[in-house]
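Examination of the molecular architecture
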Amino acid sequence: MQINKAIEEIDATHIRMVVEVMDEERVRSRRTYNITKSPTQDTEAVCRVACPEAFAEVFTEATAS
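Residues numbered from 1 in each chain as written. Predicted model: local features only at pLDDT ≥ 70, side-chain atom pairs only at ≥ 80, totals over all residues. Heavy atoms only, no water.

What follows covers the pattern of salt bridges. Tallied over the entire structure, the rule returns 4 salt bridges. Arg30 is the salt-bridge partner of Glu20, the closest N and O atoms lying 2.6 Å from each other. On the criterion of sequence distance, the pair formed by Glu20 in strand β2 (residues 14-23) and Arg30 in strand β3 (residues 26-36) is long-range, its members being 10 residues apart. Among the residues examined, Glu20 registers a relative accessible area of 19% and is labelled buried. On the basis of relative accessible area, Arg30 is assigned to the exposed category, the value being 52%. As a salt-bridge pair, Glu53 and Arg31 come within 3.0 Å of each other at their nearest N and O atoms. A residue pair is termed long-range when its members are at least 10 positions apart, and Glu53 in the loop between α1 (43-50) and α2 (61-64) and Arg31 in strand β3 qualify at 22 residues. Accessibility expressed as a relative area gives 32% for Glu53, which makes it partly exposed. (Salt bridge = Lys/Arg side-chain N within 4 Å of Asp/Glu carboxyl O. Helix = DSSP H or I, 4+ residues; strand = E, 2+ residues; numbered from the N terminus. Buried < 20%, exposed > 50% of the residue type's maximum accessible area, 1.4 Å probe, protein only.)

By themselves, these are just geometric observations and shouldn't be taken as functional.
Okay, structure coming up:
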């Protein structure tokens, strides 16, 4: 399994993050996060809190359940 993420900064306070869980070539799940943050907050840090598994170094079958 592999996790792909796309982070788009809409403006200084809005982020859209799309997280896909892939099984070889097949998309097993897709989640879209629409996040509001303070202009002073770090975008990556806010996204890590919203979906920490998208930032994991290694994604294994054990973490999928």
